[in-house]
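Letter by letter, the chains look like this.
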Amino acid sequence: MATIREQGYSHWDGRLIERKRPWWPLTTLGIRLIFRKKNFRLLFALSFIPAVVYLVGIYASERMEDFKFMVRGSAQLLKIDPAFFKSYFTLDPLLFLMVMLMVFACAGLISDDLKHNALQLYFARPLGKRDYLLGKSAIIAFFVLLLTLIPGLVLIIFKLVFAGSFGLVRSYPWLPLAVIGDSLLLTVFFVCYTLLLSALSRNRRYVMVMLFTVYLGTDIAYAIMHSIFKNPYFALLSIKANLQQAGAVLFGQRPPHAFPAGLSFGVILAFCLIAAWILQRRVRGVEVIK
Amino acid sequence: MTAVLEARHLSKWYGNVLGLSDVSLALEPGITGLLGPNGAGKSTLMKLLTGQMKPNLGQALVRGERVWNNIPLFRDIGFCPEADAFYEEISGWEFLTALVRLHGIGRAEAAERAEKALGFVELLADKDRRIRGYSRGMRQRLKIAQAIAHDPAIIILDEPLSGLDPLGKRKVIHLIRDYGREGRTVLVSSHVLPEIEAMTLRVVLIHQGKIFAAGDIPYIRDLIEKHPHQISVRCDRPRDLAARFVGEECVLNMSFGPEGRSLLLETFKRDVVFGRLPGIILETGIRVEEITSPDDNLQAVFDYLVGK
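Calculation criteria
Residues numbered from 1 in each chain as written. Chains lettered and ligands numbered in written order. Predicted model: local features only at pLDDT ≥ 70, side-chain atom pairs only at ≥ 80, totals over all residues. Heavy atoms only, no water. Helix = DSSP H or I, 4+ residues; strand = E, 2+ residues; numbered from the N terminus. Buried < 20%, exposed > 50% of the residue type's maximum accessible area, 1.4 Å probe, protein only. Contact = heavy atoms within 4.5 Å. Areas by Shrake-Rupley, 256 points an atom, 1.4 Å probe, with all protein chains shown as cover. Expected span 1.5 Å × (residues − 1). Axes fitted to C-alpha atoms, helices over the stretch in contact; angles between N-to-C directions. Parallel < 35°, antiparallel > 145°, perpendicular 65-115°, else oblique. Left-handed = near helix turned anticlockwise from the far one by under 90°. Nonpolar A, V, L, I, M, F, W, Y, C, P; charged D, E, K, R; others polar.

1. What about the overall build of chain A?
Move 1: When you go through chain A residue by residue, the secondary structure sums to 15 helices and zero strands.
Move 2: The proportion of buried residues among the 290 residues of chain A is 48%.
Move 3: Taking contacts inside chain A between residues at least 6 apart in sequence as the whole, the part at least 24 apart equals 75%.
Move 4: Roughly 14,800 Å² of accessible area belongs to chain A as shown, and the carbon and sulfur atoms make up 66% of that amount.

Below, the structure written as structure tokens:
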């Protein structure tokens, strides 16, 4: 006969909401933790310098008379067109700053969980592997979009405001889409790049070093190979070159390297697919004994 | 009645290492102790029952539903893993609130529940301290808090008492017993047998990935008929007592304890011996200090079952 037990507890009376974004608490916690790092806050502030410079450029472009003494022969630089936006999105310092943000903010996203065995706590809750990866991706997306999509749209808006006309949008109606497209491309790439390397080690410091050296290393490898063989296709080895090549095409500009830009898209896509496959294998709730 | 937790011919192996072999088990509300030495397969069984691992063979069921990849079921399960699993840089309260929120509970409600759970494990005073500064016992209690904070009906605790001081152990044992009394299904593992004994009489003995026995401790003890029961009588004249028992057929063997202050009787008929003892004591006037059954505990049962 079944034991009769004292039902002394009472269940929670509140309504349990079936959340559409079960990963959201992971994202908010992650972002909050990142902003607690003092050094990071400084770097974060510095990473907006390119956007501010470009904003000043837009302002100056509308007040050419006032800034004539500064621009002199460089008026072409302040021509606000898709090339101006492409130059922002493919700017070496901007890409480098994004890598540095990944190094200092996002290196531990998965490696810390692996180190602290936190995955088993997450996966003992109503949170699937996909939700977990989405939650972590959203943290990276937050930072990348803050440096790409938001400044890109702000630059367009300020251009319209300073010019007092819709001339830019009328001339290039696809420009906002290009801004969104390149921002998404950069976001997807940095999500895959950072999460992949973060999942490869339990040690955040190793991941930080990897994030930095892989980015620089691929570019150095390209520079060396290109200087020896004079073949532009070696740019496919470089993360930076591929992002710049793809970015140029999205903004309707001539690609910086002499090979079809589709190849760069292919390299980025292949990299992301491999990263997704590895993440699928690396992220699991329990240790696998070998 | 459908069992709350059920394992049906569960098997799990890691490469060439067998973790669990053809384990079948059905658990109902109340506390069940999962006992076994290190590497016996306790954690593997718990991880399979909490849906964290996919079995190679068989099924792990919660309320009759397969638990693997059945994410909605996880709302009603509280799991306390054996290993530490903390973000060291945040406070215990933040850690707990974040985990409760993953159950789909809103921010305010999660904060309230986290605070309540911290109160249960008596960590409320240290809730704002960073986990890095927590002692081993506090970390252990925090792990238990995260397993109970969302008020689950099923609580699975992997070695919850390890690292706790005696006072901390007592508190956690009381807490677990309260949960068992409330009708929740609690599965608690340990390799320290007296700890389980203090919580429940219902045990599952596991060794080398197999269930050796399952049931109440006295029931399991009765299963082991080939091993005689032991009765120890600590008294002032154990040899006189032995002389009276020599003629009793119910006694198989006798020996004297250290310093000659106790008599150890071995018998298949424990009830007969216990029935005879008071009369003999009264007749001989022996002053008895203590009567115990040294093998009527889990360690003895476990030793018999694993063939020690």
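That covers the picture; the talk isn't over yet.
2. Side note on helix α6 (residues 92-106) of chain A
Residue and element names in this part refer to chain A.
Move 1: Between the first and last C-alpha of α6 there are 20 Å, a value that for 15 residues agrees with the 21 Å anticipated at 1.5 Å per step.
Move 2: When you tally the buried positions in α6, you get eleven out of 15 residues, the bulk of the element.
Move 3: For α6, the full list of buried residues reads Leu94, Leu95, Leu97, Met98, Val99, Met100, Leu101, Met102, Val103, Ala105 and Cys106.

3. Some words on the packing of helix α12 (residues 175-199) of chain A against helix α13 (residues 204-229) of chain A
All names here are of chain A.
Move 1: At a minimum axis separation of 9 Å, α12 and α13 run at an interaxial angle of 135°. Taken together, the axes of α12 and α13 lie oblique to each other. Where α12 crosses over α13, the handedness of that crossing is right-handed. Contacts between α12 and α13 involve Tyr193, Thr194, Leu197 and Ser198 from the former and Val207, Met210, Leu211, Val214 and Tyr215 from the latter.
Move 2: By residue class, the composition of the contact of α12 with α13 is seven nonpolar, two polar and no charged.

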